[in-house]
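Coordinate analysis (summary)
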Amino acid sequence: MVTVKDYQSPVTPTWCPGCGNFGIHQAVKTALAELGLAPHQVMLVSGIGQSSKLPDYTHANGYMTLHGRAIPCATGVKLVRPDLKVIVHSGDGDGYAEGMGHMVHAARRNIGIVHIAHNNQIYGLTKGQYSPTSAQGTRSSTSPEGSIDRPVNPLLIALAAGATFVARAFSKNSRELADIIKAAVQHRGYALIDVLQPCVTFNRVNTYEWYSERVYPVSQEPGYDPSDLNWALRAAQIWGDRIPVGIFYQTEDVPAYEEQVPALKAGPVGLRPIRPLPPEKAQALKAAYM
Amino acid sequence: MMKNDMTFVLGGEAGQGVESTGAGFALALARAGLRVFAVPDYRSRIRGGHNFFQIRAGDYEFFSHNEQVHLAMALTREAVDSHVRQLVPGGAIVYDTSLKVDKSAWPDGVQDFAMPIADLVQGAGGSKLMMNTAMVGIAAGLTGLDLRFVEGVIEDNFGRKRGDSMAEANLKVAHAARDYARAHFAERFPFKLEAVDAPKRLLIGGNPAMSLGALAGGIQFMAGYPMTPGSPILEMITAKSAEFGVVTKHAEDEIAAICMAIGAGRAGARAATATSGGGFSLMVEALGLAGMTEVPVVVFEVQRPGPSTGLPTRTEQSDLMFVLHASQGEFPRIVLAPGTIEEAFRDGWRAFNLAEKYQCPVIVLSDHFLATSLQTVPPEALDFGGVVIDRGAMLTPEQLDALEGEYKRFAFTDSGISPWAPPGHPKGVYRSASDEHDEYGSIEEDATNRRLMMEKRMRKLETSRADILPPKLYGPERAAITFVSWGSGYYPVREAMRILAQQGVSSNFLHITDVWPFPAQAVAEALRGAKRIMSVESNYTGQMAGLIRRETGIHIEEQILRYDGRPISPEYILRGLEGV
């Protein structure tokens, strides 16, 4: 039986005490263990940033790549080894600034990747610049008079791009987050989980208290129906004094990208033994040029 | 009369089927047992402009295209004006009588073969689009080439069954055009072709040869983003995707393409991407990711003239310094620059072995000229029998079963190569990071670890020298002129040598194919004692000559450089010899 301890790494996290990443880390390990997935059946792929150090602190296949590029790296993993459960960890800068283009394409492709965006509305590793999710007017070292950019709405973008699983969670509610992650891992295709996460060092506005006062289950919204895209598009626009969390949208009716790739019908290509071609195949290839 | 030694050019607008017709005619000539070297020349547009396709055919050994043309077939007035100047005395230009041409500037001795081609096409029941087929029929009629070779290609292209309407119409047009040209002009045309009994040859270019090499090497994944002239590699692998078990992905951009390939490599698959210089520019950061995390990945970089968009459909060898130095920091990489069809095929599979053996990026540097020129080669040139699969220090499931303690993915070793495990085995679980890391793959900033890890990675470059092929010397050991070139410079240099030999001038040629790690010792030894060294490259700054100087101290002062986007021709080299 797989337990959370199987995912225990000897490496001690360097996150600040109280960092929201701890709750996300715990939830991921809990979800994977409860699904009975062993560390060698999982690949955690991240970009660069504080959130992206998570694979270093986890005993599982892990790949810490480039800022913004976790999704294409993970896509490559999934396309040759669809038997692996592939989970991307990005931050809001990593995933929604440099990586936003890739997210849109992953969503429209419905590639079988769980994308967990650690969203703390600030750049932590580079010490406190405003991020794509920072509220307009956020004062930071790169926006001393207050940011002019309006924040992105990742849920709305994902839905518009064709994502088939869109959720939001709060890192403090680790149990609820674990359940969402479990649903996402079992989902067919791309799943975005936007995780609201306090940055205890650089974000003095969006604190644990700030979130705790605002978050409530999206299922409490009238007419809650996560199978209805139009309902989800409306619910994704709720943000302010009250912030809904939970699964906004989910459909299992769209086949995942990897299910539709002809070369994968015979199984994961990454497991195909590599041998020189038999002479008749070589001859057939040459014949086209004679 | 001259037999079996001539050059054709077919010119027209984009959309008139110049390239497809030219390629079809080249195949017909190859099937007639002739040797062929064909060069397409087209502009970066879908309609209009002036495109041409040049085919040299002969029954003796020659190495490249040349500048002399014996028969020009012009579908437009611009094509008439442009190609009439290339004609040798006695050569002829064919065009439709309806074109109003100005003959005042035509060179002496050029024959005017204006024919009612459109009427011939119409009379044979063909459509306006079949003017190009008529041209091929005319070429057969003028040269005496047996039309059955042309018929065979038409049937292959439009359907083998007689009675298929497209094939039938084209065949009728070809016949009518052949008959007309034979009846009215053939007697006056001094250049003839005749099928020869020769062993069967392939007609192929560098891009397909390299793609077949990759398939032979067991490629499992390729991602790319369309960019001339690299994209045909992705297209060709994609066409064989299901049959050969290769997942291919047309990605959202080149950054995604190489990252997907690196992800696939991290997952234990043989993975590659194909692009040109502009796309490679976008891939640069990820190249360092592969270097740092020791992930095998192959990049096929088919050069075209830069900077920026440059000349999209033309050729240059100006990315050499770029690929050698691309990405921040220092890490081992291997750069191969095939020059021939044989080498393009060989490096197509060899690159995967080297990438996995040394766990680093391997760049195969080709160019538009090598990629798109079509030439006849013996079937053995694609040496499938010689393919070796070497996955390097990849751990087997049995070896992983026997593993004691936690797996050190980046273990320090004398060779610098650490045994690698594809994911999926409980004992082969590890994390890797683009940050500096320790032997387990964990992020580590310790100074000693950094020094040891840098040295371990860079040791791989030294270890890889065992697999680096030395440059090849062609011609006599001692000669009046020693040419030095790399990649596709091979063809025009070999042809220039052949012409020089006929003139009684001895020359030899050092052809560099494996570029990095640089085979400095072999190059220095080969050039020691050379009387007159002449480097030949398609770029402005003489990048290979510069690299030779940097790595061996040998300063090559005489350089023949071309940077107008056109392939180096043998004549260009001969003029350069006089001019330098």
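In case you missed it, the structure is sitting above this.
Everything quoted here is computed from the prediction, not taken from an experiment.

Overview of the sheet that holds strand β20 (residues 507–512) of chain B
Residues and elements named next belong to chain B. Reading across the sheet, the 5 strands line up as β18-β20-β19-β22-β23 and stay open at both edges, with mixed pairing between neighbours. Single-partner strands in this sheet number two, and they are β18 (472–474) and β23 (558–561). The sheet shows a mean angle of 20 degrees between the axes of neighbouring strands, taken without regard to direction. Here strand β19 (residues 481–486) pairs with strand β22 (residues 533–537) via 4 bridges, running parallel. If you follow Ser485 over to β22, its bridge partner there is Val536. In the packing of helix α17 (residues 490–502) onto the sheet, contacts are made with β18, β19, β20 and β22, and the angle to β20 comes to roughly 170 degrees. Running over the sheet, helix α20 (residues 570–579) touches β19, β22 and β23 and is turned about 145 degrees from β23.

Observations regarding unusual backbone geometry
In this chain, Thr228(B) is followed by Pro229(B) through a cis amide linkage whose omega measures 0 degrees. Tracing the backbone shows Pro229(B) in the loop between β10 (221–224) and α8 (231–239). Geometrically, the link from Trp516(B) to Pro517(B) is a cis peptide bond, its omega value of 0 degrees lying close to zero. Non-glycine residue Asn110(A) carries a positive phi angle of around 60 degrees. Inspection of the secondary structure puts Asn110(A) in the loop between α4 (100–109) and β4 (113–119). One non-glycine residue, Ser308(B), lies in positive phi territory at about 55 degrees.

Here's the deal with the pairing of strand β16 (residues 374–377) of chain B
Residue and element names in this part refer to chain B. Residues Leu374 and Thr376 of β16 are buried on one face, and the alternating residues Gln375 and Val377, pointing to the opposite face, are buried as well. In terms of strand pairing, strand β3 (residues 35–41) meets β16 through 2 bridges, oriented antiparallel. Paired with Phe37 across the bridge in β16 is Gln375. By the bridge criterion, 3 bridges tie strand β9 (residues 202–204) to β16 in an arrangement that is antiparallel. Within β16, the position partnered with Ile204 by the bridge is Gln375.

Points about the sheet that holds β4(A)
The 9 strands lie next to each other as β7(A)-β8(A)-β5(A)-β6(A)-β4(A)-β3(A)-β1(A)-β2(A)-β17(B), forming an open sheet whose pairing is mixed. Both outer strands of the open sheet, β7 (215–217) of chain A together with β17 (431–433) of chain B, are each paired with one neighbouring strand and no more. The sheet shows a mean angle of 20 degrees between the axes of neighbouring strands, taken without regard to direction. Taken strand by strand, helix α5 (residues 154–161) of chain A contacts β5 (165–170), β6 (191–196) and β8 (243–250) of chain A, and its axis lies near 165 degrees from that of β5(A). Strands in contact with helix α6 (residues 174–186) of chain A are β3 (85–91), β4, β5, β6 and β8 of chain A; relative to β5(A), the strand with the most contacts, it is inclined by about 165 degrees.

Focus on the packing of aromatic side chains
Counting across every chain of the model gives 25 aromatic pairs over all chains. Geometrically, the ring pair formed by Trp15(A) and Tyr57(A) is edge-to-face, given 4.9 Å between the ring centres and 85 degrees between the ring planes. Remark: Tyr57(A) occurs in the loop between β1 (42–46) and β2 (61–64) and Trp15(A) occurs in the segment before α1 (21–34); sequence separation between them is 42 residues. Neither Trp15(A) nor Tyr57(A) differs from the other in exposure class; each is buried. Pairing Trp210(A) with Tyr211(A) gives two aromatic rings, centres 5.1 Å apart and planes at 90 degrees, and the pair type is edge-to-face. The pair formed by Trp210(A) and Tyr211(A) is uniform in burial state, with each residue classed as buried. Taken together, the aromatic side chains of Phe37(B), Phe369(B), Tyr474(B), Tyr490(B), Tyr491(B) and Phe509(B) make up a single cluster linked through ring pairs.

Thoughts on the pattern of salt bridges
Residues and elements named next belong to chain B. Counted by the stated rule, this structure contains 40 salt bridges over all chains. Measuring nitrogen to oxygen at the nearest pair gives 2.9 Å for the salt bridge that ties Arg56 to Glu495. With Arg56 in strand β4 (residues 48–58) and Glu495 in helix α17, the pair connects residues that are 439 residues apart, well separated along the chain. Across the pair, exposure class does not vary: Arg56 and Glu495 are buried alike.

Looking at the packing of helix α4 (residues 131–143) of chain B against helix α6 (residues 165–184) of chain B
Residue and element names in this part refer to chain B. In the contact formed by α4 and α6, the axes pass within 7 Å of each other and the chain directions differ by 40 degrees. In terms of orientation, α4 lies oblique with respect to α6. The chirality of how α4 crosses α6 is right-handed. In this structure, α4 uses Thr133, Ala134, Gly137, Ile138, Ala140, Gly141 and Leu142 to contact α6, whose residues at the interface are Asn170, Val173, Ala174, Ala177, Arg178, Ala181 and Arg182. Taken together, the residues that form the contact of α4 with α6 break down as 8 nonpolar, 4 polar and 2 charged.

Considerations on the interface of chain B and chain A
At the junction of the two partners, chain B supplies 70 residues and chain A supplies 49 residues. Surface buried jointly by chain B and chain A totals about 4,800 Å² across both partners, of which 66% is contributed by carbon and sulfur atoms. When the area that chain B buries against chain A is broken down by residue, the three leading residues are Glu252(B), Val429(B) and Arg431(B), summing to 13%. The closest approach of N and O atoms between Arg109(A) and Glu252(B), which form a salt bridge, is 2.7 Å. Summed over the shared surface of chain B and chain A, the number is 24 residue pairs in polar contact (both at pLDDT 80 or more). Counting only elements with at least two residues in the side of chain B that touches chain A, the list comes to α1 (18–31), β9, α7 (206–216), α9 (241–244), β11 (247–250), α10 (254–266), α11 (277–293) and β17 of chain B. Residue contributions to the side of chain B that touches chain A peak at 8 residues, all from α10(B). In terms of residue class, the side of chain B that touches chain A is built from 38 nonpolar, 16 polar and 16 charged. In terms of strand pairing, β2(A) meets β17(B) through 3 bridges, oriented parallel. Its bridge partner lying in β17(B), Tyr63(A) is registered against Ser432(B).

Rules used throughout
Residues numbered from 1 in each chain as written. Chains lettered and ligands numbered in written order. Predicted model: local features only at pLDDT ≥ 70, side-chain atom pairs only at ≥ 80, totals over all residues. Heavy atoms only, no water. Pairing = 2+ DSSP bridges. Helix = DSSP H or I, 4+ residues; strand = E, 2+ residues; numbered from the N terminus. Axes fitted to C-alpha atoms, helices over the stretch in contact; angles between N-to-C directions. Contact = heavy atoms within 4.5 Å. Buried < 20%, exposed > 50% of the residue type's maximum accessible area, 1.4 Å probe, protein only. Phe/Tyr/Trp six-rings, centres within 6.5 Å; stacked < 30°, edge-to-face > 60°. Salt bridge = Lys/Arg side-chain N within 4 Å of Asp/Glu carboxyl O. Parallel < 35°, antiparallel > 145°, perpendicular 65-115°, else oblique. Left-handed = near helix turned anticlockwise from the far one by under 90°. Nonpolar A, V, L, I, M, F, W, Y, C, P; charged D, E, K, R; others polar. Buried area = accessible area lost by both parts, 1.4 Å probe. Polar contact = N/O pair within 3.5 Å; in protein donor to acceptor, adjacent residues only side chain to side chain.

Geometric descriptors of this kind do not, in isolation, establish any biological role.
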